[in-house]
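Chain by chain, the residues:
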Amino acid sequence: VQLQASGGGLAQTGDSLRLSCAASGRPFSLYSIGWFRQAPGKEREFVALITWSGGSTVYADSVKGRFTISRDNARNTVSLQMNSLKPEDTAVYYCAANSLTFAAYSTAPVSYAYWGQGTQVTVSS
């Protein structure tokens with residue numbers, strides 16, 4: 001499966017942005033989809049995931065209550081609505097696909113075999 005992330009940009013503290021991840025190739029509905037981010041000089045970290053059916057979501061504590069992940073399998077897209085943005089949300093955001101049914105809730109990057117190219121989110125104070 002090929003993934004294409006988009007929707008990043010420049011925002012101010014408290015603003016909202018909506019990221020999208022468009023998929024092509026293998027049936028999109030087979031995968032859990034995760035969002036990760038990587039700030040300069042830091043390791044890639046988990047942000048949120050949604051299981052293949054969209055019935056379950058998991059969020060990092062740092063974004064819980066501010067970010068919402070959703071998916072539309074008919075349109076092969078996953079969205080990440082980011083509200084109340086903070087400067088510490090500044091990073092390159094990546095979407096990734098996980099086909100491991102036994103690890104559908106994994107937050108570890110190693111569980112995700114397919115990655116999009118990333119989209120930059122910059123939040124100024």
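Before any of the text, the structure's been laid out above.
What counts and what doesn't
- Residues numbered from 1 in each chain as written.
- Predicted model: local features only at pLDDT ≥ 70, side-chain atom pairs only at ≥ 80, totals over all residues.
- Heavy atoms only, no water.
- Helix = DSSP H or I, 4+ residues; strand = E, 2+ residues; numbered from the N terminus.
- Rg over C-alpha atoms; globule rule 2.2 N^0.38 Å.
- Buried < 20%, exposed > 50% of the residue type's maximum accessible area, 1.4 Å probe, protein only.
- Contact = heavy atoms within 4.5 Å.
- Polar contact = N/O pair within 3.5 Å; in protein donor to acceptor, adjacent residues only side chain to side chain.

Participant: Residues and numbers for the overall build of the protein, please.
Facilitator: The helix and strand tally for the protein stands at zero helices and eleven strands. Going from the N terminus to the C terminus, the protein shows its helices and strands as β-β-β-β-β-β-β-β-β-β-β. Against the globule reference of 14 Å for 125 residues, the protein gives a C-alpha radius of gyration of 13 Å, in line with a compact fold. Over its C-alpha atoms, taken along the principal directions, the protein stretches across nearly 40 × 25 × 25 Å. Considering the protein as a whole, with its 125 residues, one finds that 42% of them fall into the buried category. The contacts of the protein with a sequence gap of at least 6 include a subset with a gap of at least 24, amounting to 59%.

Participant: Any details on unusual backbone geometry? Residues and values, ideally.
Facilitator: Its identity is not glycine, yet Asn76 carries a phi of approximately 55°, on the positive side. In this fold, Asn76 is placed in the loop between strand E7 (67-72) and strand E8 (77-82). Residue class for Asn76 comes out partly exposed when judged on its relative accessible area of 26%. The backbone phi angle of Ser84 is positive, close to 50°, even though this residue is not glycine. Along the polypeptide, Ser84 turns up in the loop between E8 and strand E9 (91-98).

Participant: Before we move on, can you summarise the environment of Ser125 with the specific residues and values?
Facilitator: Tracing the backbone shows Ser125 in the segment after strand E11 (119-124). Here Ser125 falls in the exposed class, since its relative accessible area comes to 84%. Once the C-alpha coordinates of Ser125 and Ser79 are considered, the two residues, 46 residues apart in sequence, prove to be 25 Å apart. For Ser125, the contacting residues outside a window of four places in its chain are Thr13 and Pro87.

Participant: Tell me about the side chain of Ser106, and name the residues and values.
Facilitator: Relative to the helices and strands, Ser106 is located in the loop between E9 and strand E10 (114-115). With a relative accessible area of 14%, Ser106 lands in the buried category. Among the polar contacts listed, one links the side chain of Ser106 to the backbone nitrogen of Ala108, at a separation of 3.1 Å. Apart from residues no more than four positions distant in its own chain, Ser106 is found in contact with Leu49, Asn98, Ser111 and Tyr112.

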